Amino acid sequence: MKKKLIAGNWKMNGGLAFNESLVAALRAGTVPPDCDVAVCVPAPYLAHLQTLLAGSAIALGAQDVSQYESGAYTGEVSTAMLKDFGVRYAIVGHSERRLYHGETDGAVSAKTARALAAGITPIVCVGETLAEREAGQTEEVVKRQLAAVIHVNGHCISEIVVAYEPVWAIGTGKTASPEQAQQVHAVLRAQLHAATDRSALMRILYGGSMNAANAAQLLAQPDIDGGLIGGAALKAPDFLTIVAAA
Ligand code: PGA
């Protein structure tokens, strides 16, 4: 039985006092045994979060990882460094990285391979912009993004988590309808199915203004296996409500 995964993406938010109070509130809540939960935090706080989460059911995640192993890559964080702090998941290819940091499909594929080689589960993000959706290119765009990752990672692809995040829904309060999301998730599932016989066991998360009010409906869709949560992950009651909905 495949467990759902609810992963918080804190983005560039947090601080020592904030982290402590948020994690204390999360730890006071319930993580059902049939749901995996993770928080993906800014790199400088990995050590802090490792301590705060010790002994809890909440796993630690990073928001990015270098495609390189080590060396002269100023500002980059390697998989070995993430492993030092018990990191289980790394978001790869988030649309904000693609948009503001020029991350290409090639870089996203290489980062995915690097994470897999280190035993870190990459949460690979795909998604179309509003202009692409309006031009009827949604399927073409997400398939191109996922195909690049499949091409580089071959049969190992079964070990990744995919996150469908329509760019127009991120941080905007505009959520894809459950039907819109399911439609794209089904396309991604079919693409994974062509690449691995384990596609049914893989998790495809939805992300983009998922919140306490809309999570249950989204998570009820047959191909939505969890959520990548931005804004609502910064409020413990909201995040815990989403976990309970899963
Ligand atoms: P949001 O962000 O939930 O704030 O829309 C989701 C994400 O970017 O991962």
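Structure: above.
Conventions adopted
- Residues numbered from 1 in each chain as written.
- Predicted model: local features only at pLDDT ≥ 70, side-chain atom pairs only at ≥ 80, totals over all residues.
- Heavy atoms only, no water.
- Helix = DSSP H or I, 4+ residues; strand = E, 2+ residues; numbered from the N terminus.
- Polar contact = N/O pair within 3.5 Å; in protein donor to acceptor, adjacent residues only side chain to side chain.
- Contact = heavy atoms within 4.5 Å.
- Salt bridge = Lys/Arg side-chain N within 4 Å of Asp/Glu carboxyl O.
- Buried < 20%, exposed > 50% of the residue type's maximum accessible area, 1.4 Å probe, protein only.
- Phe/Tyr/Trp six-rings, centres within 6.5 Å; stacked < 30°, edge-to-face > 60°.
- Near = heavy atom within 4 Å.
- Areas by Shrake-Rupley, 256 points an atom, 1.4 Å probe, with all protein chains shown as cover.
- Nonpolar A, V, L, I, M, F, W, Y, C, P; charged D, E, K, R; others polar.

J.: Could you give an account of the side chain of N214, with specific residues and numbers?
T.: Tracing the chain through its elements places N214 in the loop between β7 (204-207) and α9 (215-219). A distance of 3.0 Å separates polar atoms of two side chains, one belonging to N214 and the other to T175. One polar contact links the side chain of N214 to the main-chain carbonyl oxygen of S209, over a distance of 3.0 Å. When sequence neighbours within four positions are dropped, the list of residues in contact with N214 reads T175 and S209.

J.: Describe the pattern of salt bridges, with residues and values.
T.: A full pass over the atoms with the stated rule returns 13 salt bridges. In this structure, D64 engages R97 in a salt bridge whose closest nitrogen and oxygen atoms are separated by 3.4 Å. In this pair, D64 sits in the loop between β3 (58-62) and α3 (79-84) while R97 sits in helix α4 (residues 95-100), placing the two residues 33 residues apart along the sequence. By relative accessible area, which is 18% here, D64 ends up buried.

J.: Residues and numbers for the packing of aromatic side chains, please.
T.: Scanning the entire structure with this criterion turns up three aromatic pairs. Here Y68 and Y73 contribute two aromatic rings whose centre-to-centre distance is 3.9 Å and whose plane-to-plane angle is 5°, an arrangement assigned as stacked. We classify Y68 as partly exposed; its relative accessible area is 33%.

J.: Residue-level account of the site of the ligand, with values.
T.: Lining the immediate environment of the ligand, one finds 13 residues, of which K11, H94, E165, G171 and S209 sit closest. Contacts to the ligand include G231, whose backbone N or O atom sits 2.8 Å from an oxygen atom. Against a free-state accessible area of 280 Å², the protein chains account for coverage of 95% of the ligand. Of the residues in the shell around the ligand, the class split is four nonpolar, seven polar and two charged.

J.: Kindly report on the environment of G208, identifying the contributing residues and their values.
T.: As for its position among the elements, G208 is in the loop between β7 and α9. The class of G208 is buried, set by a relative accessible area of 5%. Measuring from C-alpha to C-alpha, the distance between G208 and T175 comes to 5.9 Å, with 33 residues separating the pair along the chain. Not counting residues within four places of it along the chain, the set of residues in contact with G208 comprises E165, A169, I170, K174, T175 and L228.

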